[in-house]
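Results of the structural survey
Next come the chains, spelled out residue by residue.
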Amino acid sequence: MSKTFAVIGDPIDHSLSPNIHSAAFRELNLECSYIAYRIPKGELKDGVEALKKIKISGFNVTIPHKVEMMKYLDRIDESCSLIGAVNTVENNDGVLKGYNTDMDGFLDPFKKKNLGIENSSVLLLGAGGAARAIVAGFAKEKAQHITIANRTLENANNLAQFANKIGLDADTIELDKVGHNLQDYNIIVNATSIGLKNESSPISLESIKPKTIVYDIVYMPMNTDFLKKAKEKGATIIYGYEMLLGQAIRAFEIWHGTEAPYNAMKKALLGGV
Ligand code: NDP
């Protein structure tokens, strides 16, 4: 029987998920389809009911529903309860189980490239939903310390409390106070939305050591100014699309219980960026 999957959010037209998952279905000859379904803020309950009615097999959740969707789950995976937000839902005969694949997606490129995190010193820019999944990832992989830099210091402080609670030593700073003393950081991540509109890098990377791992989770455009500046300094780069691909692969494996066709999904994604 053919299965239907979806991504829900608002806006949703720009989503790359239908392309990535459809490519995987084609590659493996699966009788499945994947649609983008716009659900405006405030209409999530009805939207989820509609998805259940059409017997959706699973769906991804994006802005603005990642936290509110928690209310409509019957079962919650550990990844999801830890982060407090859901991005992947599995539907088993009307029983909805939520997962958060952002953390695994974020960590995936480190594993693929054999880049270690243990005992590293991290500078994280941003303190929103994605940053929370990233903090959970660094705690899991036993980073030594994280500095959270954010425009709104209060949000950084809240995230630092979460980091401490899960065993990761953290301090905070306002984003515009990050200076020219970045030589001690092994990993620098941009998890703000700066770059989406081609803005210049949120911080100066002049003082980083060569081989510092610089990771931008913004995936459109692929070559953000932040990453361009990092390349000029000889940094090891991780692109936002690599996280996007990593979370999609994990979602695929949850839904289909089989290994995802990485190369076909990557090709679909890079063709679309
Ligand atoms: P949120 O809205 O939860 O958080 C946004 C963050 O960006 C906050 O820290 C916010 O700071 C900061 N910010 C926004 N605008 C500015 C600005 N003009 N100047 C300084 N700081 C700013 O979003 P998410 O955490 O969900 O997503 C963040 C980014 O990550 C988005 O671009 C999204 O597309 C990308 N993303 C990529 C993924 C991938 O797979 N590659 C997965 C998930 C997200 P403040 O607290 O002060 O408001």
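Look up a bit, the structure's there.
Here's what I pulled together on the structure shown here. (Residues numbered from 1 in each chain as written. Predicted model: local features only at pLDDT ≥ 70, side-chain atom pairs only at ≥ 80, totals over all residues. Heavy atoms only, no water.)

Quick word on the nonpolar core
Side chains of a nonpolar character, in soluble globular proteins, are inclined to be buried together. Selection rule: Working definition of a nonpolar core: buried Ala, Val, Leu, Ile, Met, Phe, Trp, Tyr and Cys residues. They are joined through side-chain atoms within 4.5 Å. Buried, partly exposed and exposed residues are distinguished by accessible area as a fraction of the type maximum, computed with a 1.4 Å probe on protein chains only: under 20%, between the cut-offs, and over 50%, respectively. Contacts are assigned to residue pairs that have any heavy atoms within 4.5 Å of one another.
Counting residues in hydrophobic clusters, the biggest one holds 40 residues, and the most contacted among them are L123, L182, I188, I203, L205 and M265. What I188 contacts, discounting residues up to four positions off in sequence, is L123, L182, I203, L205, I208, T212, I213, V214, Y215 and F226. Formed by 35 residues, the second largest nonpolar core is a distinct cluster that contains I117, L124, A156 and I187.

Overview of the side chain of N87
Counted only if it meets this: Going along the chain from the N terminus, every DSSP run of H or I of four or more residues is numbered as a helix, and every run of E of two or more is numbered as a strand. N or O atoms closer than or at 3.5 Å make up a polar contact, with two conditions inside protein: a donor-capable atom paired with an acceptor-capable one, and, for residues adjacent in sequence, both atoms drawn from side chains.
Its location among the elements puts N87 in the loop between α3 (78-83) and β5 (88-92). Judged by relative accessible area, N87 falls into the buried class, the value being 3%. At 2.8 Å, the side chain of N87 forms a polar contact with the backbone nitrogen of T101. In this structure the side chain of N87 is engaged in a polar contact, spanning 3.1 Å, whose partner is the side chain of D102. Setting aside chain neighbours within four positions, we find N87 in contact with F59, N60, V61, K66, Y99, N100, T101, D102 and Q247.

Re the site of the ligand
Stated formally: Throughout, near means a residue has at least one heavy atom within 4 Å of the molecule or strand. Throughout, the Shrake-Rupley method with a 1.4 Å probe supplies accessible areas, and for residues the shown protein chains are the sole cover considered. The classification used treats Ala, Val, Leu, Ile, Met, Phe, Trp, Tyr, Cys and Pro as nonpolar, Asp, Glu, Lys and Arg as charged, and all other residues, Gly among them, as polar.
Taken together, 22 residues lie near the ligand, and A130, N150, T152, N155 and I217 sit nearest. A distance of 2.9 Å separates an oxygen atom of the ligand from a polar atom in the backbone of A130. Against a free-state accessible area of 920 Å², the protein chains account for coverage of 76% of the ligand. For the shell around the ligand, the secondary-structure elements that each account for two or more residues are α5 (129-140) and α8 (240-256). The element that contributes the greatest number of residues to the shell around the ligand is α8, accounting for three residues. Residues of the shell around the ligand, tallied by class, amount to twelve nonpolar, nine polar and one charged.

Digging into α5
Because the α-helix completes a turn every 3.6 residues, residues three or four places apart line up on one side. So the rule is basically this: In a helix, the anticipated span is given by 1.5 Å times the number of residues less one.
In this model α5 runs 17 Å from its N-terminal to its C-terminal C-alpha over twelve residues, within 8% of the 16 Å that 1.5 Å per residue would give. Every buried residue of α5 is listed here: A131, A133, I134, V135, A136, G137, F138 and A139. Directly beyond the C-terminal end of α5, a positive phi value near 60° is found at K142.

That is the geometry; function is a separate question.
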